[in-house]
Amino acid sequence: VVSTQSTGVQLFNSLGPVNGKLSGKAAHAFLLTSNLPTHSLKDIWTRSDRDKDGCLTLEEFSTALTLIKNFKRGLNSAAMNSMHAIPMQHTPQQWSTASLNNTKLSAAAANWSSFSA
(Lines give C-alpha, C1' and ligand atoms only; values in the text may rest on other atoms or scores of the structure.)
Protein backbone atom coordinates (compact mmCIF):
# COMPACT_ATOMS: atom_id res chain seq x y z
CA VAL A 1 0.00 0.00 0.00
CA VAL A 2 1.41 3.38 -1.02
CA SER A 3 1.11 6.10 1.60
CA THR A 4 -0.70 9.33 0.83
CA GLN A 5 2.53 11.23 1.52
CA SER A 6 4.62 9.30 -1.02
CA THR A 7 1.74 9.44 -3.51
CA GLY A 8 1.66 13.23 -3.06
CA VAL A 9 5.39 13.46 -3.79
CA GLN A 10 4.93 11.27 -6.87
CA LEU A 11 2.02 13.39 -8.09
CA PHE A 12 3.98 16.60 -7.53
CA ASN A 13 6.99 15.27 -9.41
CA SER A 14 4.83 13.90 -12.25
CA LEU A 15 3.46 17.38 -12.91
CA GLY A 16 6.90 18.78 -13.74
CA PRO A 17 7.97 21.24 -11.07
CA VAL A 18 10.79 23.60 -12.02
CA ASN A 19 13.21 24.71 -9.32
CA GLY A 20 10.96 23.11 -6.71
CA LYS A 21 7.79 24.88 -7.80
CA LEU A 22 4.78 23.74 -9.78
CA SER A 23 3.62 26.44 -12.19
CA GLY A 24 0.20 27.96 -11.67
CA LYS A 25 -0.85 26.56 -15.06
CA ALA A 26 0.19 23.01 -14.14
CA ALA A 27 -1.35 23.23 -10.67
CA HIS A 28 -4.59 24.66 -12.09
CA ALA A 29 -4.87 21.88 -14.66
CA PHE A 30 -4.32 19.27 -11.96
CA LEU A 31 -6.79 20.85 -9.52
CA LEU A 32 -9.46 20.78 -12.21
CA THR A 33 -9.12 16.98 -12.40
CA SER A 34 -10.57 16.80 -8.87
CA ASN A 35 -13.98 17.75 -10.34
CA LEU A 36 -14.67 20.02 -7.38
CA PRO A 37 -16.76 23.16 -7.96
CA THR A 38 -14.91 26.30 -9.02
CA HIS A 39 -15.60 28.08 -5.71
CA SER A 40 -14.02 25.17 -3.82
CA LEU A 41 -10.96 25.18 -6.08
CA LYS A 42 -10.57 28.93 -5.60
CA ASP A 43 -10.64 28.44 -1.83
CA ILE A 44 -8.11 25.59 -2.09
CA TRP A 45 -5.77 27.75 -4.18
CA THR A 46 -6.05 30.70 -1.79
CA ARG A 47 -5.23 28.51 1.21
CA SER A 48 -2.45 26.58 -0.55
CA ASP A 49 -0.44 29.30 -2.28
CA ARG A 50 0.83 30.68 1.03
CA ASP A 51 3.49 32.98 -0.41
CA LYS A 52 1.12 34.21 -3.15
CA ASP A 53 3.66 33.71 -5.94
CA GLY A 54 1.25 31.92 -8.28
CA CYS A 55 3.15 28.61 -7.99
CA LEU A 56 3.02 25.70 -5.56
CA THR A 57 5.96 24.21 -3.68
CA LEU A 58 5.73 20.59 -2.55
CA GLU A 59 4.55 21.79 0.86
CA GLU A 60 1.86 23.99 -0.71
CA PHE A 61 0.84 21.16 -3.06
CA SER A 62 0.52 18.90 -0.03
CA THR A 63 -1.80 21.46 1.53
CA ALA A 64 -3.88 21.52 -1.67
CA LEU A 65 -4.16 17.72 -1.69
CA THR A 66 -5.25 17.68 1.95
CA LEU A 67 -7.87 20.34 1.29
CA ILE A 68 -9.16 18.50 -1.78
CA LYS A 69 -9.44 15.33 0.27
CA ASN A 70 -11.39 17.22 2.95
CA PHE A 71 -13.74 18.83 0.41
CA LYS A 72 -14.37 15.39 -1.14
CA ARG A 73 -15.24 14.10 2.33
CA GLY A 74 -17.89 16.78 2.54
CA LEU A 75 -16.17 19.34 4.74
CA ASN A 76 -16.78 22.93 3.71
CA SER A 77 -14.59 26.03 4.11
CA ALA A 78 -16.15 26.99 7.42
CA ALA A 79 -15.46 23.55 8.88
CA MET A 80 -11.84 23.74 7.76
CA ASN A 81 -11.10 27.24 9.04
CA SER A 82 -9.33 25.91 12.11
CA MET A 83 -7.75 22.92 10.36
CA HIS A 84 -4.13 22.94 9.17
CA ALA A 85 -2.60 20.60 6.62
CA ILE A 86 0.54 18.80 7.75
CA PRO A 87 3.25 19.58 5.21
CA MET A 88 5.23 16.71 3.75
CA GLN A 89 8.96 16.56 4.31
CA HIS A 90 10.81 17.09 1.07
CA THR A 91 14.20 17.79 -0.42
CA PRO A 92 15.25 19.44 -3.69
CA GLN A 93 16.59 16.08 -4.92
CA GLN A 94 12.99 14.84 -5.22
CA TRP A 95 12.05 17.56 -7.71
CA SER A 96 12.15 16.99 -11.44
CA THR A 97 12.17 19.46 -14.30
CA ALA A 98 10.04 17.39 -16.66
CA SER A 99 7.47 19.38 -18.60
CA LEU A 100 3.74 19.02 -18.06
CA ASN A 101 1.85 17.21 -20.77
CA ASN A 102 -1.58 15.66 -21.12
CA THR A 103 -0.29 12.13 -20.53
CA LYS A 104 1.21 13.11 -17.17
CA LEU A 105 -1.91 15.04 -16.24
CA SER A 106 -4.13 12.07 -17.10
CA ALA A 107 -1.91 9.74 -15.08
CA ALA A 108 -1.95 12.14 -12.14
CA ALA A 109 -5.73 12.51 -12.34
CA ALA A 110 -6.07 8.73 -12.22
CA ASN A 111 -4.43 8.80 -8.78
CA TRP A 112 -7.32 10.71 -7.15
CA SER A 113 -8.57 7.42 -5.75
CA SER A 114 -5.54 7.45 -3.45
CA PHE A 115 -6.97 10.50 -1.71
CA SER A 116 -10.60 9.44 -1.46
CA ALA A 117 -10.23 7.36 1.70
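Going by the structure above, here's the rest.
Now for a look at the structure at hand. (Residues numbered from 1 in each chain as written. Predicted model: local features only at pLDDT ≥ 70, side-chain atom pairs only at ≥ 80, totals over all residues. Heavy atoms only, no water.)

Following the sequence through the fold, N19 ends up in the loop between α1 (4-14) and α2 (24-32). Judged by relative accessible area, N19 falls into the exposed class, the value being 70%. Along the primary structure N19 and T57 are separated by 38 residues, whereas in three dimensions their C-alpha atoms are 9.2 Å apart. (Helix = DSSP H or I, 4+ residues; strand = E, 2+ residues; numbered from the N terminus. Buried < 20%, exposed > 50% of the residue type's maximum accessible area, 1.4 Å probe, protein only.)

Moving on, we get to α2. Counting along an α-helix, one turn takes 3.6 residues, and residues three or four places apart therefore face a common direction. Taken as a whole, α2 has its buried residues at A26, A27, F30 and L31. Looking straight down α2, one finds its buried side chains confined to an arc of 130°; they lie on one side. (Arc of directions from axis to C-beta.)

So, about the nonpolar core. Core analysis: the largest hydrophobic core is formed by 12 residues, namely V9, L11, F12, L15, L22, A26, A27, F30, L56, L58, F61 and L65. Listing elements by their share of this core, those giving two or more residues are α1, α2 and α4 (58-72). For L22, the residues in contact, after removing those within four places along its chain, are F12, L15, G16, P17, A27, C55, L56 and F61. With 8 residues, the next largest nonpolar core counts L31, L36, I44 and A64 among its residues. (Core = buried A, V, L, I, M, F, W, Y, C linked by side-chain atoms within 4.5 Å. Contact = heavy atoms within 4.5 Å.)

Attention shifts here to the packing of helix α3 (residues 38-48) against α4. At a minimum axis separation of 9 Å, α3 and α4 run at an interaxial angle of 145°. Between α3 and α4 the crossing geometry is right-handed. Residues S40, D43, I44, R47 and S48 of α3 form the contact with α4, whose participating residues are E60, T63, A64, L67, I68 and F71. The residue inventory of the contact of α3 with α4, partitioned by class, reads 5 nonpolar, 3 polar and 3 charged. (Axes fitted to C-alpha atoms, helices over the stretch in contact; angles between N-to-C directions. Left-handed = near helix turned anticlockwise from the far one by under 90°. Nonpolar A, V, L, I, M, F, W, Y, C, P; charged D, E, K, R; others polar.)

Attention now goes to the packing of aromatic side chains. Enumeration according to the criterion identifies 2 aromatic pairs in this entry. An angle of 55° between the planes, with centres 5.6 Å apart, marks the rings of F12 and F61 as tilted. On the criterion of sequence distance, the pair formed by F12 in helix α1 and F61 in helix α4 is long-range, its members being 49 residues apart. Each member of the pair, F12 as well as F61, is classed as buried. Relative to F61, the ring of F30 has its centre 5.4 Å away and its plane inclined at 45°; by these criteria the two rings are tilted. Within this pair, whereas F30 is found in helix α2, its partner F61 is found in helix α4, the two being separated by 31 residues in sequence. Owing to a relative accessible area of 1%, F30 belongs among the buried residues under this scheme. Here a set of aromatic residues connected by ring pairs shows up, and it is made of F12, F30 and F61. (Phe/Tyr/Trp six-rings, centres within 6.5 Å; stacked < 30°, edge-to-face > 60°.)

Taken by themselves, the reported measurements are silent on function.
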